Structure formats: C-alpha cells, structure tokens
Amino acid sequence: MILWLCLCWGFSPSAAQPDSELMARYLEQQLLADYSIVQQVARRVPRQAKFLQRLETRPRMSEFQVRSTIISRYAFTTVSCTMVNSGSEAREAVFEMQIPAAAFISNFTMSIGNKTYYGEVTGKEKKNSTDDKERHKKPPSPTEGRENGYETFKASVFIPRKMQARFILHYEELLQRRLGKYEYTVSIRPQQLVGRLRVEVNILENSGIVSLEVPPLRNSKQKGNGKAEGDVSPPPSTVIGHTKTLAKVTFNPSVVEQTRIARNGILGDFIIRYDVNRELSVGDVQILNGYFVHYFAPTDLPPLPKNVVFVLDSSASMVGTKLKQTKEALFTILQDLRPEDHFNIIGFSNRIKVWQQDRLVPVTPNNIRDAKKYIHNMSPTGGTNINEALQTGAKLLNDYIAQNDIDARSVSLIIFLTDGRPTVGETQSSKILSNTKEAIQDKFCLFTIGIGNDVDHKLLERMALENCGMTRLFQEDEDAASHLKGFYDEIGTPLLSDIRVDYPEDDVEQVTQNFFPNYFNGSEIIIAGKLINRTSDKLHVEVTASNSKKYILLKTDVAVDLLSRNDIRGVPGLEDGRGDSNYIERAWSYLTIKELLNSRLKSDDRQEKDSLMEKAKSMALAYNFVTPFTVLKMREAGLHSEPPQEEFVSPSSDGIGEKVQSLQGHRAPPGIRRGQEKQRIKISKTSADGDPHFVIDFPSSKFSVCFNIDGEPGDILRLVSDHKESGVTVNGQLIGAPAPPNGHKKHRTYFSTITILNNKPERSYLEITPKRVILDDGERLVLSCGRSAVVRSRSLEVSISAYSNITVTIRDSISFVILIHHYKKPAPYQRNHLGFYISNSKGLSSDSHGLLGQFLNHEVKLLQESLNTSGGEVGQKQTEALKANPTNTLKVRGRLVPVVWKQRKIYNGQQEVDCWFAKNNADKLIDGSYKDYLASHPFDTGTSFGTISSL
C-alpha cells in the first residue's frame, strides 16, 4: 500500500527530496494566496497536489506567529495561529502549543468565523470530599502531555465550511539564569507546513546585553541539556541585530525552508541565550511605579568546598539505557570534583550499598579510580527503598559534619536519583517526607532527579523544596547522561552560602524570599517587593554572605527615581506591548505566586494550605494568571456596556488550566458542560459621562432628566453619598481639556478618576482611572484596565472587561458600571476618561444624596404649562405633545424648574436618550448649587446634605 501511494504521487524513495521541495513550493504559493476562500476562483493544480488535497481533511494552517518581548529577564509571549477550512463541511482544528512549565498563561482568545471568544481567568471551585477521596484512590501520574520542563496547551474547535479560526495565546515567565546564560525557548511544532511562519523576539536589558547566541533548532530528544554538538549556527532565515541594550531576533522560514528542516511541520525549539553586564557587586536593583526587583549574581569568587553524597537507584527498573547513562554521567562528574571536595556514593534497591562505610573521602586520583570501579560494577536488581537510602545518606553526611573539623564555609549536599516509586520499606510519601526532613534538619540541601514516566515527581519535588534543593525530571527516551551532567554543572560550583538580602523595614513591604542557603556559579538570586516610602529618593540594600575565605557584607544606596531608566515607553520594537510597561510589578506578582505555591506544597497543615491557596488565587485573579487554583473559561464577546456571557467549558483540568474543547456556534456538543449562564447586568440610564453630562432616569414617570456640570479641572464631584446608611460614597475627579474650535465653552472637563468608598461591613475603597484599578480592603491590589479580571472579597466584587468597562458590585444590592473611554489618537480637546453608570441602587438608602444619589428614591413631575401660567400635572400620554414646547416645567421637591427637550447619547454613543434638560448647572433641580457637591479630596465621605429629607 505504501509503495502504491509512492507511485501515485510520482516520486520514489531516492527522489523524495526534490519532489518534496517541488510540492513545498506549490504549497507555499497556495498558502500565501488570498484566503477569501468563499469567492476563490478554482485554479489548475498539479495532479499530485490534487490527490494530496483530497487526502488532507484537516484545516490548513495559514499563519503561525510568535512575538515576544523580554524586559529585564521578564518575558511576555504572544502566539497567534490562523487555520482555514477550505472544505465543504465543518472540520475540527486543533491548536496545540508547548509552553514552559514555569510560565503562566495570561490570556487566550479565539475567533471562529464572525464569533469571538475570550478567556477569563476565574477561581477553581473546591472539590467536595467525595471527589477528593475518589481522586486519591488513583495513583498519581505525570500531567498529560508534559515533557521535560514543558506543558502542552491544547484547544480544539470545529470550523464551519469555507471559514477560518484564529487563536491568540499569551503567557509570561521570568527567565532563570543557568550556567551563566538566560535561555528563552519557543516551541515551533505546528504539525504541518505553514504559509506564514514568523518568530520575533525583542530584548531590552538596561544593564547591557552580552553573549547573545541563537543555536540550531532543538528537537525534543535534546531538551534540557542546554548544550549540543555543533551548537554554532542559527537556524536558516534567522536575523539577529542588537545594540548595547536592545536586541531583535527574527526567524521567518519559507515553506521550502521548513520542508528542508522537517517535512512533518515539527521544526523544534527556537532558542535564544544571552547574559547581561554586571557592574555592581551588590547586584542590579530596578525600580518602577512603586515596585522593585533585585538581581544578584556575583562573579569572580573562589568556589566553596563541597561535601557531596550521591544516592543512586540501582533497582531492577534501571536496567538497560537508564543505568548505563547514569554511569556515564557519574564518570564525568567524578572527574570534575575539585581537590578540596569530599564525597561518597550510595547505591540502593531493596538493599542499601555504601561505597565507603561511615565516611566521606577526599578527592584523590586513587579515590576517583576506585569510585569509578564501584559505579561500573553496579547492577540493576530488586525493588526501590527510597526512605532507607535517604536516611543512610543523611546520616552519613551528618556524622561527617559532626565528627570532622571541616571548613565551616563548605557546602554539604545530597544528589538523589531514581526512576521509580517507593516499593520496599516505607512506601507512604508523607512518611518519607517527614523522615527525610527530620534526618536532614536544615543542615544541608537535597537535590533530586527523576527519570522516566513511573517516577513520583510530586514526591521528588516536595523533598527538594522542603530541603532547600531543586529537582529535575527527564523523560526515559532522552539523553540522561547529558541531563545529569548539565544539572550537576548548575550546582557543582557553590560560591556563597547563607546569603541574606535586607532592605529597611520602613521602606519596603511584601518582599519575596530574601534568605538563600547557597549561591551557585552561573545562577542568579532574585528578590522583589513593594515600596512603602515613595518620598525617599533612595533605597538602602545590604547583602550578607559567606564564601570560602571570609564573611561578606555588601552595602549600597539605589536611587529610587529611576523612571527614565526603567520606563520602556517609546523604545523601538516595544511600542505595542500589552502589559510590558509594568513589567517590574508583574515580575513581583509572578515570584510571589510561585512562592505561595511552593509554600503550600511544603505545608502539612490543612488550614495553612487553604490560606496559602486563597492568597495565591487572589493574586492570580488580580494579575490574570492561570495557576493550579485558577482556570481559563471561554466566554463569547458581547457589547461593551454588558458583561459577556459564559460559553463552553471543558470538564477536563489536565494540562494548563482547562482545555477548550469542540466549540461550534452556540451549541454545546455532547459531553461538554455548558457553564451556568450569568444574568447580564442591566444598566439604567442614570449616569454621569462625557463633559460631564448627567442623565437621571425616572422609570415610573417614564421620562428622563438631564443636565450638565461645568466644573473646573481638579474639581472632585460627589456623585453618590450614602455613607451613614449603606456606607457607600462615590466621588469623581475632573480633568481639563481645551474646548473644540468655535465652541461656546472655554474648556472641557471629563472624569479622570472615580473613587468608590464602602465602610460596611469593613472599610474598603476603589480608585479607578482609565489605566488601572486600585483595590484596598486591607490588602492593596493594583489591576490593569487592559486585562480582564475578577476580584472578590466578602462584600465587594470587581469585574474588569479589558479596555471596556469595570463593574463594581457591593453586597449584591448595589452595582456601578464605569465605562473606559480610550482614544488611540486623541484630538487636542479629547482626553482618556471614565463614565459612571448606576446599574443597581436597591442597597442605597432613601437618604442617599449626591448629584445622582439624591434622585434615586424620589420622583419629579412634569407640569403642562410654562412658568408663567398655572396648570395641572401632565399625564403620560401628554408628554409627547409637550416636546414641541420650547419651555416646560418640572416640579422637584416643591421647586419649579424650567426644562427644554433634548436628546443625549450614552454608552459610548450606542444608545440615544430623550430627556428634559435643566440649564445653568442644574439650578433649582439639585439641592443647593453644584459647588455644594465639591469634595475636598477623592476619599472625602462627608456631605452637607446628609440630613436633608426635603426642601
């Protein structure tokens, strides 16, 4: 059958390369053609191409683009993929992307035909105890689709005939320095040849970029070692350009070039490695917008002596390649030990075999030779007694430290390797963990290595975390020897021990981990935090540590006013970054969440674990990160003035977040659970928007009233004041702009800030601008208006629809919607501003006041005659007849107010409102004059009208 296909396609095995390139050139022309496929004119194609098209039933990938921005080691990555269904029926398209396991997904969007779905990060619901019991009955297994250090994000949809689908995935990561380089990797595995394939990476490092390199594409078999033979030339079509602080790398292969690399469309990993200049011995401290990040990576220090015990699995499952590669790696590692080091080797299966009983030996030629003989003679047999092996290794190292007058500034560590789970002796993971921690007693670090699919990676990860170490997992078919050697190289040269980084307590808060047992050559220590004292012009930094010769104390003062240095606005190549301008804050949030996740993993206390989970979840929701406690739910994009409805969510939680499965139109395919439909928030016409234009809706009277307030720039208007009853106050601050040409106003004013204060049941406030939302309910959160997010506390919920609106719900009975007006190219008289709309006022009391609040629980009446005549009140059927009258009268709390008929546009011009307009800054319509509604500051809750019931 295979031979018949070869003959029909017109090529033989010996002639495969030329014909495949010919086919690739034709496919390139097809893929790069106009994709208006509904109106596409049939064209003649080669016979073998027609046959290939008949066999090919899946949608074609017309475009695959990756754009990344790396700023001070923090990487923002956007993956865009377009698939076209040129068939006569709906076909399934699968978008699959490998991303680093350490990365957080921050957004995902799909467009299928004329429908758009965007991802919203929400908190995971707690599973009930029955679910937990059922789940724990199954043995733990590695995450589906996980490779060494990578996880697979997957979304599948059905594309209607003659239409296309577009997927956009965003993720973020903080690059780790290993072996003296930062490595950024993009997986390029589209599974087919692509018409337009492009990777663009922009790097900004204010410290200066050094040693930039782009090695050849790496396939999965080579992952993790960081080195490869012939690692010299970049992939074809790669262009590299850089200055002292900026670099731009592009990879843009044609279809023909893709075919030469891999005919199946799996090209490999595109890798960029670089390092930065390091001038200050205390490290590089970067400060921006009230946050700081501190990178500490000293060089040119003498290495510390090591006391190392190698604990190696020699059970029956290690037979063959795994044990052979382990031996090869150990031969090389032993050769790299330094004369001042001491070591020992333990082999374990169901029995524990110690090379040198009760001691560590110095590094001498004879000891290295004998150690190699011992390793060479290791044979695989028996079960896996992990607990006793670690107990033996810990006792060996503890006894050596206690009995020998060793250099107090040496570093002791255990390197533990296994390919399986505990099967002999103690097999309960929790007991093994507690035994190991008790044996080590924080005196040295444990580094764990797992090989293959049967290893208990959670056990190894937690053992390393609890004992100041690191863990690495390698697939069985990978080159274990190079992985082991690469991992040892990372930890083989300790330069400092007991590193502590301190800042003045009155100047910083919420600082990430600042004590580190060891610093290894080629790595980096990273600390981040928030500034408390923003009035100070400097931040004092102290670093204390020990090295092989002495105790080290480093001090410096870092200038806080580093905006011009760390602000990236206007930097070429970084103009359209999504969240890039607050990269230091996002790096802080990334590190903080990672530490909370690790702390929870290490904890045995249920209450503490729940508290850490809630903190991690809250921060992940604030920064729109997909974590183990948050999921990505797909919703269909709706109108700007209404929150979108929830669409289809997969019940699977494997991989990263929740996979998106089988979206087609509005129908949920079999087996897919439709999420609970959220009720759309109904926004009333009662609002303050624009210049600012106020609208008051009176539903029972079936008409609306409107007025303007011509305030001054800087004025703070009290919109709603119900502080004494419901505890709610809303203030709006005005910003000025020039008046349009030939206008009657001297200037325009808009709301630049809306402040919402609530003091029941506890005090909290929101400060909203067109760029960000600050929520303070005891813990301060800063949210970007450019990212969709939902944050909930006991009595408050804030829902941000990116670049559109913010919905604030208080105790489920009060709701406000703030529209975001953002101009890409504003005219001189335009300013980015906010609009304030009242959605639900049921929770506000009858005594509420303010420019809008005073009308929420009161009605006004429209009179039939003008001011100069007396007449009866108008019925609803007579209202239309009064519109033609240039002057009519409202009766408001006993006051007569002249009004004229007008039309107003609200909701960004999407809706037109007929209203009765009161002139002269709402004279006689509102209680007092508008100046009585000026607040002294944005958080002012006082009001001179708080006790007025009527006038």
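Residues numbered from 1 in each chain as written. Predicted model: local features only at pLDDT ≥ 70, side-chain atom pairs only at ≥ 80, totals over all residues. Heavy atoms only, no water.

### Points about the overall build of the protein chain
Reasoning step 1: Scanning the protein chain from N- to C-terminus turns up 16 helices and 52 strands.
Reasoning step 2: Here the protein chain holds 951 residues, and the buried ones make up 53% of them.
Reasoning step 3: Split by element, the accessible area of the protein chain, about 42,600 Å² in all, is 48% carbon and sulfur. (Helix = DSSP H or I, 4+ residues; strand = E, 2+ residues; numbered from the N terminus. Buried < 20%, exposed > 50% of the residue type's maximum accessible area, 1.4 Å probe, protein only. Areas by Shrake-Rupley, 256 points an atom, 1.4 Å probe, with all protein chains shown as cover.)

### Re the packing of aromatic side chains
Centre-to-centre distance and the angle between the planes together describe a pair of aromatic rings.
Reasoning step 1: Here the structure, examined in full by the defined rule, presents 24 aromatic pairs.
Reasoning step 2: Taking 6.0 Å as the distance between ring centres and 85 degrees as the angle between the ring planes, the aromatic pair formed by Tyr-74 and Tyr-590 counts as edge-to-face. Within this pair, whereas Tyr-74 is found in strand β2 (residues 74-85), its partner Tyr-590 is found in helix α13 (residues 583-602), the two being separated by 516 residues in sequence.
Reasoning step 3: On the basis of relative accessible area, Tyr-590 is assigned to the buried category, the value being 3%.
Reasoning step 4: Considering the side-chain rings of Tyr-182 and Tyr-274, the 5.4 Å spacing of their centres and the 40 degrees angle between planes classify their relative orientation as tilted. One end of the pair, Tyr-182, is in strand β9 (residues 181-188); the other, Tyr-274, is in strand β14 (residues 268-276), with 92 residues separating them in the sequence. With respect to burial, Tyr-182 and Tyr-274 carry one shared label: buried.
Reasoning step 5: Each member of the aromatic cluster is reached from another via a ring pair, and the members are Tyr-74, Phe-76, Phe-104, Tyr-590 and Phe-625.
Reasoning step 6: Cation over ring: Arg-73 sits above Tyr-295, and NZ or CZ is 3.9 Å from the ring centre.
Reasoning step 7: In this arrangement the basic side chain of Lys-902 is found over the ring face of Phe-917, its NZ or CZ atom lying 4.2 Å from the centre. (Phe/Tyr/Trp six-rings, centres within 6.5 Å; stacked < 30°, edge-to-face > 60°. Lys NZ or Arg CZ within 6 Å of the ring centre and 35° of its normal.)

### Observations concerning the state of the cysteines
Reasoning step 1: One pass over the structure, following the stated rule, counts two disulfides.
Reasoning step 2: The residue that forms a disulfide with Cys-445 is Cys-468, at a sulfur-sulfur distance of 1.9 Å. Its S-S torsion of about -110 degrees marks the bond between Cys-445 and Cys-468 as left-handed, since a negative value means left-handed. Taken as a pair, Cys-445 in strand β22 (residues 445-451) and Cys-468 in the loop between α10 (457-466) and β23 (471-474) lie far apart in primary sequence, 23 residues in all.
Reasoning step 3: Two residues share a disulfide in this structure: Cys-706 and Cys-915, whose sulfurs sit 2.1 Å from each other. Between Cys-706 and Cys-915, the S-S dihedral sits near 70 degrees, and the bridge is therefore right-handed. Residue Cys-706 is located in strand β37 (residues 703-708), and its partner Cys-915 is located in strand β52 (residues 911-918); the two are separated by 209 residues in the primary sequence. (Disulfide = S-S within 2.5 Å.)

### A closer look at the confidence of the model for the protein chain
Reasoning step 1: Looking at the protein chain, the pLDDT average stands at 78 and 78% of residues meet or exceed 70.
Reasoning step 2: Scored below 50 in pLDDT, residues 865-872 shows 10 contacts in the model against residues more than four places distant or in partner chains. (pLDDT = per-residue confidence, 0-100. Contact = heavy atoms within 4.5 Å.)

### A few points about the side chain of Asn-202
Reasoning step 1: The topology assignment puts Asn-202 in strand β10 (residues 196-204).
Reasoning step 2: In terms of polar contacts, Asn-202 uses its side chain to reach the side chain of Glu-200, at 3.0 Å. (Polar contact = N/O pair within 3.5 Å; in protein donor to acceptor, adjacent residues only side chain to side chain.)

### Side note on the environment of Lys-919
Reasoning step 1: Relative to the helices and strands, Lys-919 resides in helix α16 (residues 919-922).
Reasoning step 2: On a C-alpha basis, the gap between Lys-919 and Cys-706 in space is 9.0 Å, while along the polypeptide they are 213 residues apart.

### Comments concerning the sheet that holds strand β26 (residues 515-520)
Reasoning step 1: Read across the sheet, four strands follow the order β26-β24-β28-β29 without closing on themselves; strand pairing throughout is antiparallel. Each edge of the open sheet carries a strand with a single partner, namely β26 and β29 (551-559). The sheet shows a mean angle of 25 degrees between the axes of neighbouring strands, direction not considered.
Reasoning step 2: Taken together, the nine bridges between strand β28 (residues 538-546) and β29 define a ladder with antiparallel strand orientation. Across the sheet, the residue bridging to Ala-545 is Ile-552, located in β29. (Pairing = 2+ DSSP bridges. Axes fitted to C-alpha atoms, helices over the stretch in contact; angles between N-to-C directions.)

### Section: the sheet that holds β14
What links the strands of a sheet is backbone hydrogen bonding, and the strands pair in either a parallel or an antiparallel sense.
Reasoning step 1: Strand order across the open sheet formed by four strands is β8-β9-β14-β11, with antiparallel pairing between neighbours. Whereas interior strands pair on both sides, the edge strands pair on one side only; in this sheet they are β8 (177-178) and β11 (209-213).
Reasoning step 2: When β9 meets β14, the two strands line up antiparallel, connected through seven bridges. Its bridge partner lying in β14, Glu-183 is registered against Arg-273.

### What to know about unusual backbone geometry
Reasoning step 1: Here the bond from Lys-760 into Pro-761 is cis, since omega is 0 degrees, no more than 30 degrees from zero.
Reasoning step 2: Along the chain, the position of Pro-761 falls in the loop between β40 (747-758) and β41 (764-768).
Reasoning step 3: Residue Asp-358 is not a glycine yet carries a positive backbone phi of 60 degrees.
Reasoning step 4: Assignment of secondary structure puts Asp-358 in the loop between β19 (352-354) and β20 (361-362).
Reasoning step 5: If you check the backbone angles, Gln-510 has positive phi at about 50 degrees while not being a glycine.

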